[in-house]
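# Examination of the molecular architecture
Read off the chains here:
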2 protein chains.
Amino acid sequence: MAGEPECEDLYPSRQGVHRITQRQDPTVYAPKGRVAPISDQQINDYAEQGFMVLEDMFSAVEVNMFQQELERLRNDTEVKQSGETITEPESGEVRSVFRVHENSPLFRKLAADPRLAELARYILNDEVYIHQSRLNYKPGFRGKEFYWHSDFETWHVEDGMPRMRALSMSITLTENFDYNGPLMLIPGSHQQYAACAGETPENHFQSSLKKQEYGVPSDDQLKQMAQSGGIVSAKCKPGSVIVFDCNVMHGSNGNITPEPRSNVFFVYNAMSNQVVAPFCDQPPRPEYICSRENISAVPPAE
Amino acid sequence: MAGEPECEDLYPSRQGVHRITQRQDPTVYAPKGRVAPISDQQINDYAEQGFMVLEDMFSAVEVNMFQQELERLRNDTEVKQSGETITEPESGEVRSVFRVHENSPLFRKLAADPRLAELARYILNDEVYIHQSRLNYKPGFRGKEFYWHSDFETWHVEDGMPRMRALSMSITLTENFDYNGPLMLIPGSHQQYAACAGETPENHFQSSLKKQEYGVPSDDQLKQMAQSGGIVSAKCKPGSVIVFDCNVMHGSNGNITPEPRSNVFFVYNAMSNQVVAPFCDQPPRPEYICSRENISAVPPAE
């Protein structure tokens, strides 16, 4: 069992009430005046909206390599039997493969690619490590929805991530149309923290990765956030990078179209923001979902 | 039990094989040279694509009246207990109220509104009647998907509609965004007929209106159609009319956003195309889903 949290719980959640509080951390940690690896306008938009879509970051040749590696891992018997894959609730098809920054040399290299890692270091103003990585393969025809959530709510409560000093990068491997279940985000929602009602059930991760029922905001919280910020579908071509703050509210509808939606997904966390004991009465989630024992900074570009 | 079909089965389906055949009927029946109630360009597009979106057909005042009537019917105890409403599989919320062209004076009048009925008469080149009508209330947050289908396939097999000489008009009562599960259509798909495998189970309508499992096209059929025609999301404001041919392939994704998607829905069928015995070994579906006993032409505008 986990011991007492090692630091103050600034973002309590799952303590019986739905409540919206203010974010207590910056979104962009880089000191004023430091030159960004992308335009100032993009950084300002990111700070304001909580996400940005960077197009044409990877070439067709690179995307093709990533896709081949995705297919290889999806069909790898060892990977399938590792218990580190998630399948669709109904069809049983592979939905996610975890820990690809460790079990694939290609994706290990990608995680350290300066186009991603330098930007993460800039935004978080720190050395970074991979808190979680995965391949998402959202199949066509019968792809299920993923309900609204803030990643940070889960990472804080279930993993013990102390502060909002992490971000996700999703590298798109297929085109994200408006109709094949693209990522939807609520601009500006990262400035608020939607504490959720309910407690954390035992072994929650086993079901929550398929379908989340705890740690989800209330209808009223969502309505309020969507009214204030609107909803944006992150439409983009393969080879784009969707960068989003750990606390921005996001989700995706199901996908009945024939067009699958695949991506490689890295969560960069600041080295100074390493996880402590979970902020709930449950043991930590397994290492393949949350790096805890095996933390090392993403190396600088060679 | 139903007797033998009263006419030749030109569109056999659910006889064990998935098969695509060519449409054997026109889409626009109006003789060349007849003046259309909308532009020739719109009619040509409709003939080619199998659908069209007509914006600004109803004023905000009218939409508001329809919305109020929708709310009244959704909450009407008698309507709820009539067995003529469909609820969401999981939440139990009302999803559809049927036969509104009979049980609501306002919607009876709307069905005969020349903006709709004249256009139906023009396209079908005949007097028309309402084969089916309903209010669809696709709730936010937990709205479920509706899988791809051709309406005609079901109306033909289960209702005994002989030919493709019918169309649907969906009058939008809320905004259809790209993200709240809008109607998706495959342009040009109405020119082909996707015969489905499988048979028709007993009392199929009781489950198919919630979630269709028979009478659905195969993955390969869908892939082929979408590759050739693409996919269009019918985004539009409230007060628009989405007109679509009885055989165009369509469906909608689920809706996790707070924005509900409501519409009034009329199916106009040519008087000369009245239903016969079903083209399957099942008794006809009930009157509230398919007008059979109670058929009278939509009256001309007063």
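Relevant structure appears above.
Presented here is a report on the structure given in the accompanying data block.

Rules and cut-offs
Residues numbered from 1 in each chain as written. Chains lettered and ligands numbered in written order. Predicted model: local features only at pLDDT ≥ 70, side-chain atom pairs only at ≥ 80, totals over all residues. Heavy atoms only, no water. Phe/Tyr/Trp six-rings, centres within 6.5 Å; stacked < 30°, edge-to-face > 60°. Helix = DSSP H or I, 4+ residues; strand = E, 2+ residues; numbered from the N terminus. Buried < 20%, exposed > 50% of the residue type's maximum accessible area, 1.4 Å probe, protein only. Lys NZ or Arg CZ within 6 Å of the ring centre and 35° of its normal. Pairing = 2+ DSSP bridges. Core = buried A, V, L, I, M, F, W, Y, C linked by side-chain atoms within 4.5 Å. Salt bridge = Lys/Arg side-chain N within 4 Å of Asp/Glu carboxyl O. Axes fitted to C-alpha atoms, helices over the stretch in contact; angles between N-to-C directions. Parallel < 35°, antiparallel > 145°, perpendicular 65-115°, else oblique. Left-handed = near helix turned anticlockwise from the far one by under 90°. Contact = heavy atoms within 4.5 Å. Nonpolar A, V, L, I, M, F, W, Y, C, P; charged D, E, K, R; others polar. Buried area = accessible area lost by both parts, 1.4 Å probe. Polar contact = N/O pair within 3.5 Å; in protein donor to acceptor, adjacent residues only side chain to side chain.

Now for the packing of aromatic side chains. Under the definition given, this model contains 18 aromatic pairs over all chains. The interplanar angle of 55° and the centroid separation of 5.9 Å between the aromatic rings of Phe 244 of chain B and Phe 265 of chain B together place this pair among those described as tilted. With Phe 244 of chain B in strand 11 (residues 241-245) and Phe 265 of chain B in strand 13 (residues 261-270), the pair connects residues that are 21 residues apart, well separated along the chain. Summarising the burial analysis for this pair, Phe 244 of chain B and Phe 265 of chain B share the class buried. Among the aromatic residues, those joined into a cluster by ring pairs are Tyr 11, Phe 152 and Tyr 193 of chain A. The ring of Phe 265 of chain A carries the charged tip of Arg 134 of chain A above its face, separated from the ring centre by 4.5 Å.

All names here are of chain A. Here Arg 99, not a glycine, exhibits a phi torsion of approximately 60°, which is positive. Look at Arg 99 and you get partly exposed, because its relative accessible area is 23%. Phi angles above zero are rare outside glycine, and Phe 141 is one such case at about 70°. By secondary structure assignment, the location of Phe 141 is in the loop between strand 5 (128-138) and strand 6 (146-149). In this structure Phe 141 comes out as buried when scored by relative accessible area, which is 8%.

Residue and element names in this part refer to chain A. With antiparallel pairing, the four strands of this open sheet are ordered in space as 6-12-8-10. Of all strands in the sheet, those bounded by a partner on one side alone are strand 6 and strand 10 (232-233). Two elements, strand 8 (residues 184-185) and strand 12 (residues 250-252), share two bridges in a ladder whose sense is antiparallel. Within strand 12, the position partnered with Met 184 by the bridge is Gly 251.

Across the sheet, which stays open at both edges, the four strands sit in the order 6-12-8-10 (chain B) with antiparallel pairing between neighbours. Looking at which strands have only one partner, the edges of the open sheet turn out to be strand 6 (146-149) and strand 10 (232-233) of chain B.

Take the nonpolar core next. By size, the foremost hydrophobic cluster in this structure holds 44 residues, and its most contacted members are Ile 123, Val 243, Phe 266 and Tyr 268 of chain A. A per-element tally of this core places helix 6 (residues 114-124) of chain A first, with seven residues. Counting residues in each nonpolar core, the second largest holds 43 residues, with Ala 36, Leu 124, Val 128 and Ile 130 of chain B among its members.

Two side chains bearing opposite charge may form a pair once their charged atoms approach each other closely. According to the stated counting rule, one finds 38 salt bridges over all chains in the structure shown. We note a salt bridge from Asp 245 of chain B to Arg 23 of chain B, for which the minimum N-O separation is 2.8 Å. Residue Asp 245 of chain B is located in strand 11, and its partner Arg 23 of chain B is located in the loop between strand 1 (19-22) and helix 1 (40-49); the two are separated by 222 residues in the primary sequence. This pair shows no difference in class: Asp 245 of chain B is buried, exactly as Arg 23 of chain B is. Across the salt bridge formed by Arg 99 of chain B and Glu 84 of chain B, the nearest N and O atoms sit 3.1 Å from each other. One end of the pair, Arg 99 of chain B, is in the loop between strand 4 (94-98) and helix 4 (100-103); the other, Glu 84 of chain B, is in the loop between helix 3 (77-81) and strand 3 (85-87), and 15 residues separate them in sequence. Here Glu 84 of chain B falls in the buried class, since its relative accessible area comes to 13%. What emerges from the salt-bridge pattern is a single network uniting Arg 14, Glu 153, Glu 158, Asp 159 and Arg 285 of chain A.

Once that is clear, we can look at the packing of helix 2 (residues 60-75) of chain A against helix 5 (residues 105-112) of chain A. Residue and element names in this part refer to chain A. With their axes 10 Å apart at the nearest point, helix 2 and helix 5 run at an angle of 135° to one another. The orientation of helix 2 with respect to helix 5, classified from their angle, is oblique. Judged by the sense of rotation from one axis to the other, the crossing of helix 2 with helix 5 is left-handed. Where helix 2 abuts helix 5, its residues Met 65, Phe 66, Glu 69, Leu 70 and Leu 73 lie against Leu 106, Phe 107 and Leu 110. Partitioning the contact of helix 2 with helix 5 into residue classes produces seven nonpolar, no polar and one charged.

At the interface, 27 residues of chain B touch 27 residues of chain A. Carbon and sulfur atoms supply 56% of the area that chain B and chain A bury against each other, a total of about 2200 Å² over both sides. By the criterion of area lost to chain A, the three top residues of chain B are Phe 141, Tyr 179 and Ile 256 of chain B, representing 29% of everything that side buries. Taken together, the connections running from chain B to chain A amount to six salt bridges. Here chain B is connected to chain A by ten residue pairs in polar contact (both at pLDDT 80 or more). For the side of chain B that touches chain A, the elements supplying multiple residues, two or more each, are strand 6, helix 9 (219-229) and strand 12 (250-252) of chain B. Broken down by element, the side of chain B that touches chain A gets its largest block of residues, four residues, from helix 9 of chain B. Residue classes in the side of chain B that touches chain A are distributed as eleven nonpolar, seven polar and nine charged.

To continue, consider helix 7 (residues 151-159) of chain B. Residues and elements named next belong to chain B. Counting buried positions over the nine residues of helix 7 gives nine, a clear majority of the element. Asp 151, Phe 152, Glu 153, Thr 154, Trp 155, His 156, Val 157, Glu 158 and Asp 159 are the residues of helix 7 that are buried. With a side-chain oxygen positioned 3.2 Å from the backbone nitrogen of Phe 152, the residue opening helix 7 is Ser 150. The first or second residue beyond helix 7 is Gly 160, which carries a positive phi of 80°.

Below, the discussion takes up the side chain of Asn 176 of chain B. You can see Asn 176 of chain B is positioned in the loop between strand 7 (166-172) and strand 8 (184-185). Sequence-distant contacts of Asn 176 of chain B, defined by excluding residues within four places in its chain, comprise Pro 182, Ala 234, Lys 235, Cys 236, Ile 242 and Arg 261 of chain B.

With that out of the way, let us pick up the pairing of strand 11 (residues 241-245) of chain A. Residues and elements named next belong to chain A. Most of strand 11 sits out of view: five of its five residues are buried. Here strand 11 shows a buried face lined by Val 241, Val 243 and Asp 245 and a second buried face lined by Ile 242 and Phe 244. Of the pairings in the sheet, the one linking strand 2 (residues 51-54) to strand 11 comprises four bridges and is antiparallel in character. Within the sheet, the bridge partner assigned to Leu 54 lies in strand 11 and is Val 241. Both strand 7 (residues 166-172) and strand 11 contribute to a ladder of five bridges, which runs antiparallel. Residue pairing for strand 11: Met 169 is matched across the bridge by Val 243.

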